[in-house]
Amino acid sequence: MLLPWRRISNFTCYRCGLCCFYFRVPLKSYEALKIAEAFGLDKIAIIGGKEYIEKEEGKACPFLVSRNGKLMCSLQDIGLKPVACKLWPFHVYKRPEYGRDEEAYFQHKLGGFYVYVDQRCPGVSLGKPNQKLIRTVEEAIDIWLGIREEQLLTTATIATFSGNQWLLKKNTKGLLAAIY
Ligand code: SF4
Ligand code: SF4
């Protein structure tokens, strides 16, 4: 499921919301605190001593909302979107956790990192990385390091949708098959 970033040509989030059905979102302690303060303790689940967004089995994250027929994160608007959600479908490590070292290696301005991409996301295209993908990986590493909060390339833009509905439909089928 996880491929080294050099196997990915491009990433575009289509706001399909499938990642928000798929995950139980792990939270950093400060994120759990801010979400609990804003929405109540019942939005936080503690499992095995770790904090997550509370989510019923088989249902979407409670913060997923529909706007103009597209699904999006309501926490994003108020600066509370968790880092785990900002990073998906990218996985950043200091070591080559999933092998294929050379293909996973990324030379960032602050050092070397190993980046993998979950190809179950319908927005992931396989192939030779384009320049946008390279900048997107850089942004994901910035977010992982905590030196950037704002997402420009690692999330959807309004322009994302036009003309891409057929692609979303096609790839969504694959992700649903992988999940269920
Ligand atoms: S395209 Fe990928 S990142 Fe965007 S909402 Fe769908 S599964 Fe999530
Ligand atoms: S917090 Fe936002 S991005 Fe994360 S799963 Fe919930 S709705 Fe999706």
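Quick note: structure is the one above.
Right, let's walk through the structure included here. For every chain, the first residue of its written sequence is number 1, and the numbers climb from 1 along that sequence. Here chains are named by letter from A upward and ligands by number from 1 upward, in the order in which they appear as written. Totals for whole chains, interfaces and linings use all residues, but because this is a predicted model, local features are given only for residues with pLDDT of at least 70 and pairs of side-chain atoms are given and counted only at 80 or more. Side-chain calculation: all heavy atoms of the structure are included, whereas hydrogens and water are not.

### Details of unusual backbone geometry
Here is step 1 of the chain: Proline 89 follows tryptophan 88 through a cis peptide bond whose omega is 5 degrees.
Here is step 2 of the chain: Residue arginine 15 is not a glycine yet carries a positive backbone phi of 55 degrees.
Here is step 3 of the chain: Inspection of the secondary structure puts arginine 15 in the loop between strand E2 (8–11) and helix H1 (18–22). Per the convention used, a helix needs a DSSP run of H or I reaching at least four residues, while a strand needs a run of E reaching at least two, with both numbered from the N terminus.

### Describing the pattern of salt bridges
Here is step 1 of the chain: For this analysis, a salt bridge means a side-chain nitrogen from Lys or Arg found within 4 Å of a carboxyl oxygen belonging to Asp or Glu. Scanning all chains against the criterion turns up seven salt bridges.
Here is step 2 of the chain: One salt bridge in this structure joins glutamate 56 and lysine 59, with 3.6 Å as the shortest N-O distance.
Here is step 3 of the chain: Relative accessibility under 20% of the residue-type maximum defines a buried residue, over 50% an exposed one, and the middle range a partly exposed one, all with a 1.4 Å probe and only protein chains included. The exposure class assigned to glutamate 56 is exposed, which follows from its relative accessible area of 51%.
Here is step 4 of the chain: A relative accessible area of 46% places lysine 59 in the partly exposed class.
Here is step 5 of the chain: Residues participating in the shared-partner salt-bridge network are Arg7, Arg100 and Glu103.

### Some remarks on the site of ligand 2
Here is step 1 of the chain: Summary of the distance rule: residues count as near a molecule or strand when at least one heavy atom falls within 4 Å of that molecule or strand. All residues adjacent to ligand 2 are Cys20, Val25, Ile53, Cys61, Phe63, Leu64, Cys73, Leu75, Lys81, Pro82 and Cys85.
Here is step 2 of the chain: Under the scheme applied, nonpolar residues are Ala, Val, Leu, Ile, Met, Phe, Trp, Tyr, Cys and Pro; charged residues are Asp, Glu, Lys and Arg; polar residues are all the others, including Gly. For the shell around ligand 2, the residue count by class is ten nonpolar, no polar and one charged.

### So, the nonpolar core
Here is step 1 of the chain: Each nonpolar core is a collection of buried residues, namely Ala, Val, Leu, Ile, Met, Phe, Trp, Tyr and Cys, held together in the definition by side-chain atoms within 4.5 Å. Trp5, Phe90, Val115, Leu133, Val137 and Ile141 are the most contacted members of the largest nonpolar core, which has 20 residues in total.
Here is step 2 of the chain: Elements supplying a minimum of two residues to this core: E2, helix H4 (83–87), strand E7 (90–93), strand E9 (111–118) and helix H6 (131–145).
Here is step 3 of the chain: Looking at this core, the element that brings in the most residues is H6, giving five residues.
Here is step 4 of the chain: Sequence-distant contacts of valine 137, defined by excluding residues within four places in its chain, comprise Trp5, Phe90, Phe106 and Val115. Pairs of residues are marked as contacts when any of their non-hydrogen atoms sit within 4.5 Å.

### Some thoughts on the pairing of strand E6 (residues 70–73)
Here is step 1 of the chain: For two strands to be treated as a pair, DSSP must find at least two bridges joining them. Bridge count between strand E5 (residues 64–67) and E6: four bridges; the pairing is antiparallel. Within E6, the residue paired with arginine 67 across the bridge is lysine 70.
Here is step 2 of the chain: Where E5 folds back onto E6 in an antiparallel hairpin, the turn is made up of two residues, including asparagine 68, whose phi is positive at roughly 50 degrees.

### Let's talk about the packing of aromatic side chains
Here is step 1 of the chain: Side-chain rings of Phe, Tyr and Trp (the six-membered ring for Trp) are treated as a pair once their centres are within 6.5 Å; stacked means planes under 30 degrees apart, edge-to-face means over 60, and tilted covers the remaining angles. A full pass over the atoms with the stated rule returns eleven aromatic pairs.
Here is step 2 of the chain: Ring centres of tryptophan 5 and phenylalanine 106 lie 5.2 Å apart, and the angle between their planes is 65 degrees; this geometry places the pair in the edge-to-face category. Taken together, the residues tryptophan 5 in the loop between strand E1 (2–4) and E2 and phenylalanine 106 in strand E8 (residues 105–108) connect sequence positions 101 residues apart.
Here is step 3 of the chain: Residue classification places tryptophan 5 among the buried positions, given a relative accessible area of 3%.

### As for the pairing of E9
Here is step 1 of the chain: Of all the eight residues making up E9, eight are buried; the element is thus mostly covered by neighbouring parts of the structure.
Here is step 2 of the chain: The sheet contact formed by E1 and E9 spans three bridges and is antiparallel. Across the sheet, residue proline 4 finds its bridge partner in E9, namely tyrosine 116.
Here is step 3 of the chain: In this sheet, E9 lies alongside E7 in antiparallel orientation, the contact comprising four bridges. Directly across from phenylalanine 90, in E9, lies its bridge partner valine 117.
Here is step 4 of the chain: Where E8 lies against E9, four bridges are found, and the strand directions are antiparallel.

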